[in-house]
Amino acid sequence: MSPTRPDFYFPAPRSQKFCSQCAHPLSRLTPPDDTRMRDVCDSCGAVHYQNPRNVVGILPIWEGKILLCKRAIHPRYGEWTLPAGFMELGETTAQGALRETDEEAGAQVRLGPLYTVIDVPYAEQVHFYYLAELTSPDLDPGPETLETQFVLPADIPWEHLAFRTVSTTLHHYCADLDTGQFGPHFYALSKPDHQP
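Here's what I pulled together on the structure shown here. All values derive from a computational prediction rather than experimental measurement.

### A few points about the layout of surface pockets
At step 1: Space inside the largest pocket adds up to approximately 1,200 Å³.
At step 2: Along its surface, the largest pocket is lined by 40 residues, and R71, P75, F86, Q125 and F163 are the ones closest to its centre.
At step 3: Of all the secondary structure elements, the ones that give two or more residues to the lining of the largest pocket are strand 4 (53-62), strand 7 (84-86), helix 1 (93-105), strand 9 (125-134) and helix 2 (164-179).
At step 4: Estimates place the volume of the second largest pocket at around 340 Å³.
At step 5: Residue lining of the second largest pocket: 16 residues in total, with R36, R38, Q50, N51 and E124 positioned closest to the centre.

### Concerning the state of the cysteines
At step 1: Applying the stated criterion across every chain, the model contains zero disulfides.
At step 2: This cysteine, C19, is not joined by any disulfide, and C44 carries the nearest cysteine sulfur, 3.7 Å off.
At step 3: You can call C19 buried: its relative accessible area is 5%.
At step 4: Note on C174: no disulfide assigned, nearest cysteine sulfur contributed by C69 at a separation of 17 Å.

### A closer look at helix 2
At step 1: In this model, helix 2 (16 residues) spans 23 Å end to end at C-alpha, consistent with the 22 Å of a helix rising 1.5 Å per residue.
At step 2: T165, V166, S167, T168, T169, L170, Y173, C174 and D176 are the residues of helix 2 that are buried.

### Quick notes on the sheet that holds strand 1 (residues 26-29)
At step 1: One open sheet holds the three strands; their spatial order is 1-2-3, and the pairing between them is antiparallel. Either end of the sheet is taken by a strand with one partner, and the two such strands are strand 1 and strand 3 (47-48).
At step 2: Here strand 2 (residues 38-41) runs beside strand 3; their pairing, made up of two bridges, is antiparallel. Bridging across to strand 3, D39 finds its partner in H48.

### Here's the deal with the pattern of salt bridges
At step 1: Using the criterion set out here, one finds seven salt bridges in the structure.
At step 2: Between E147 and K70 there is a salt bridge, with the nearest N and O atoms lying 3.4 Å from each other. Of the two residues, E147 is situated in strand 10 (residues 145-151) and K70 in strand 5 (residues 65-71); the sequence distance between them amounts to 77 residues.
At step 3: Accessibility expressed as a relative area gives 37% for E147, which makes it partly exposed.
At step 4: With a closest N to O distance of 3.5 Å, E133 and R110 form a salt bridge. Within this pair, whereas E133 is found in strand 9, its partner R110 is found in strand 8 (residues 109-120), the two being separated by 23 residues in sequence.
At step 5: Classification of R110 as partly exposed rests on a relative accessible area of 49%.

### Looking at the environment of D102
At step 1: Within the secondary structure layout, D102 lies in helix 1.
At step 2: Measuring from C-alpha to C-alpha, the distance between D102 and D33 comes to 43 Å, with 69 residues separating the pair along the chain.

### Topic: the nonpolar core
At step 1: Ranked by internal contacts, the top residues of the largest apolar core, which has 22 residues, are L59, I66, L68, L82, I156, L170 and Y173.
At step 2: Looking at which element gives the most residues to this core, the answer is helix 2, with four residues.
At step 3: For L82, the residues in contact, after removing those within four places along its chain, are I58, L59, P60, I66, L67, L68, E104, Y129, V166, T169 and L170.
At step 4: Counting 14 residues, the second-largest nonpolar core is a separate cluster that includes I58, A105, V117 and A132.

### As for unusual backbone geometry
At step 1: Residues H74 and P75 are joined by a peptide bond in cis, for which omega reads 0 degrees.
At step 2: Residue position: P75 is located in the loop between strand 5 and strand 6 (80-81).
At step 3: Put simply, G183 and P184 share a cis peptide bond, and its omega is 5 degrees.
At step 4: With respect to the helices and strands, the residue P184 is situated in the loop between helix 2 and strand 11 (185-188).
At step 5: The residue A23 is not glycine, and still its phi comes out positive at about 75 degrees.
At step 6: Secondary-structure assignment places A23 in the segment before strand 1.

Here is what the cut-offs are and how they apply
- Every residue gets a number counted from 1 within its own chain, in the order that chain's sequence is written.
- Totals for whole chains, interfaces and linings use every residue, but because this is a predicted model, local features are given only for residues with pLDDT of at least 70 and side-chain atom pairs only at 80 or more, for both listing and counting.
- Only hydrogens and water are set aside; all other atoms, that is, all heavy atoms of the structure, feed into the side-chain values.
- In this analysis the probe radius is 1.4 Å and the grid spacing 1 Å, with only protein atoms considered; a cavity is a set of points the probe fits into but cannot get out of, a pocket is an open set with protein on both sides within 12 Å along at least five of seven lines, and lining residues have an atom within 4 Å of a point.
- Grid points are joined across faces, edges and corners, and a volume is the space filled by probe spheres set on the points.
- Strands are runs of DSSP state E lasting at least 2 residues, helices are runs of H or I lasting at least 4, and numbering of each runs from the N terminus.
- When two cysteine sulfur atoms are found within 2.5 Å, that pair is recorded as a disulfide.
- Note on classification: 1.4 Å probe, protein chains only; a residue is buried when its accessible area is under 20% of the maximum for its type, exposed when over 50%, partly exposed between these limits.
- Any helix carries an expected span of 1.5 Å times its number of residues minus one.
- Two strands form a pair only when DSSP identifies at least two bridges running between them.
- Any carboxyl oxygen of Asp or Glu within 4 Å of a side-chain nitrogen of Lys or Arg constitutes a salt bridge here.
- In these notes, a set of buried Ala, Val, Leu, Ile, Met, Phe, Trp, Tyr and Cys residues joined through side-chain atoms within 4.5 Å is what counts as a nonpolar core.
- Residue contacts are defined here by distance: any two heavy atoms, one from each residue, within 4.5 Å place the two residues in contact.

What follows is the structure in structure tokens.
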């Protein structure tokens, strides 16, 4: 009899209870020659480091309009976003941004410069957005996207954007349209008073 599969899958929480090397229960302590508390294995000696996760994406433009994707996944199902997602091992930030754009929008783009680098320490993430120009308006969205839409800067659905990193990147872009100078922008987001 095969095991029952869950109805859905989700990213595993950061905390671990057992060593991924030998399955021994983990301890929480500061290893020798370190300055931080870590999850460590007292059996095999493995230190389980936790580091920020990188989110990579693009701000895609076609004839003065911005390409937005409506999310078909949680969190923020049904909200608008820029094509972006978690960077995979073995990728550069640019390669990851292009892959995510293909997966979420099926868009072909000419990648431009790095535009925003956003520290999100309360979520243990760093977000990287590149400027990009679409080489065609033809799109083929993947299963993570309900629909796509090209919007003028004046028509951005601010109240229905999925993430603050998306809205701050778009705010910078709208401001830069007035000056003609486009980034790069480096900044950090503090934890909101209430998490939506």
